[in-house]
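# Tertiary structure, described
These are the residues of each chain, in order.
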Amino acid sequence: MVPSMTDRTTHDAEAWLSPAEAATALGVTVKTVARWADEGRIRSARPGAHRRYRVADVEALIAQEPWEPAS
């Protein structure tokens, strides 16, 4: 589970993260997460003006990418 999101979500596959939350969990910038979404590397939705990312998709990306998070 994405550690920084446990207080906000209920561990279900349909929980959503803001761009900043997804970026923090992935250890990258918000712009990088948006670029990855544009490239099809992670799915996003736009229920309003800003993208949202499914917790399950962020976790899947974390599981497949062996990198060191940015500090």
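Residues numbered from 1 in each chain as written. Predicted model: local features only at pLDDT ≥ 70, side-chain atom pairs only at ≥ 80, totals over all residues. Heavy atoms only, no water.

One can describe the packing of helix α1 (residues 19–26) onto helix α3 (residues 55–64) by two numbers: an axis separation of 10 Å at closest approach and a directional angle of 20°. Here α1 is positioned roughly parallel relative to α3, judged by the angle of their axes. For the pair α1 and α3, the crossing hand works out as right-handed. Taking contact as the criterion, the partners of Ala-22, Ala-25 and Leu-26 in α1 are, on α3, Val-58, Leu-61 and Ile-62. Broken down by class, the residue content of the contact of α1 with α3 amounts to six nonpolar, no polar and no charged. (Axes fitted to C-alpha atoms, helices over the stretch in contact; angles between N-to-C directions. Helix = DSSP H or I, 4+ residues; strand = E, 2+ residues; numbered from the N terminus. Parallel < 35°, antiparallel > 145°, perpendicular 65-115°, else oblique. Left-handed = near helix turned anticlockwise from the far one by under 90°. Contact = heavy atoms within 4.5 Å. Nonpolar A, V, L, I, M, F, W, Y, C, P; charged D, E, K, R; others polar.)

A word on helix α2 (residues 30–39). Every buried residue belonging to α2 is among Thr-32, Val-33, Ala-34, Trp-36 and Ala-37, and all of these are buried. Packing partners of the buried residues in α2 comprise α1, β2 (53–54) and α3. The first or second residue beyond α2 is Gly-40, which carries a positive phi of 85°. (Buried < 20%, exposed > 50% of the residue type's maximum accessible area, 1.4 Å probe, protein only.)

Reading predicted coordinates in detail is not appropriate for stretches of low pLDDT. Averaged over every residue, the pLDDT of the protein chain is 81; the share at 70 or more is 72%. The low-confidence segment residues 3–10 (pLDDT under 50) makes 13 contacts with residues lying over four places distant or belonging to another chain. (pLDDT = per-residue confidence, 0-100.)

Tallied over the full model, the rule gives four salt bridges. A salt bridge links Glu-39 to Arg-35; the shortest N-O distance between them is 3.6 Å. You can see Glu-39 and its partner Arg-35 sitting in helix α2, four residues apart, about one turn around the helix. Residue Asp-38 pairs with Arg-51 through a salt bridge whose shortest N-O separation is 2.8 Å. You can see Asp-38 sitting in helix α2 and its partner Arg-51 sitting in the loop between α2 and β2, a full 13 residues away along the chain. The class for Arg-51 is buried, based on a relative accessible area of 13%. One network of salt bridges, with partners in common, ties together Arg-43, Arg-54 and Asp-57. (Salt bridge = Lys/Arg side-chain N within 4 Å of Asp/Glu carboxyl O.)

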